Amino acid sequence: QVQLAESGGGLVQAGGSLRLSCAASERSISVFSMAWFRQAPGMEREFVATITVTGSSFYADSVKGRFTISRDNAKITAYLQMNSLKPEDTALYYCAASSKFRPTSSYEYPYWGQGTQVTVSS
């Protein structure tokens, strides 16, 4: 059973930056697509970014140009570098993994972490 653990969340002022990490428990995750989703209070979980094992990435329009997803297959870890943060980026951020190619729907991801809170103050 693959387990994912997020870290790096916190409180930051608007315009600031944070870097999230997602560590996987098994090396088999290195052949999976890894992604970040987020969920704000009272809102549905939404796609943020995804990356394949070869580094092909895809972003939600709301974060394009501000967020960068990356991964280190040797460390079986994915990252989300978040720059120019806005108050509307405030949410619980989840890491997810899927054997499919770069999916954007949460239903395509069977493996999930517990989430890390990101709060952006204005």
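Reading the values: the criteria
Residues numbered from 1 in each chain as written. Predicted model: local features only at pLDDT ≥ 70, side-chain atom pairs only at ≥ 80, totals over all residues. Heavy atoms only, no water. Helix = DSSP H or I, 4+ residues; strand = E, 2+ residues; numbered from the N terminus. Polar contact = N/O pair within 3.5 Å; in protein donor to acceptor, adjacent residues only side chain to side chain. Contact = heavy atoms within 4.5 Å. Disulfide = S-S within 2.5 Å. Buried < 20%, exposed > 50% of the residue type's maximum accessible area, 1.4 Å probe, protein only.

On to the side chain of threonine 77. Assignment of secondary structure puts threonine 77 in strand S8 (residues 77-82). A polar contact of 2.8 Å, which involves the side chain of threonine 77, links it to the backbone oxygen of lysine 75. Residues within four places of threonine 77 in sequence aside, it is in contact with Ser21, Cys22, Ala23, Arg71 and Asp72.

Think of a disulfide as a covalent bridge from one cysteine sulfur atom to another cysteine sulfur atom. Counted by the stated rule, this structure contains 1 disulfide. Residue pairing for cysteine 22: its cysteine sulfur links by disulfide to cysteine 95, the two sulfurs lying 2.0 Å apart. Taking the torsion about the sulfur-sulfur bond, which here is approximately -75°, the covalent link between cysteine 22 and cysteine 95 counts as left-handed. Here the residue cysteine 22 occupies a position in strand S3 (residues 18-24), and cysteine 95 occupies one in strand S9 (residues 91-98), the gap between them amounting to 73 residues. According to the relative accessible area criterion, cysteine 22 is buried, its value standing at 0%.

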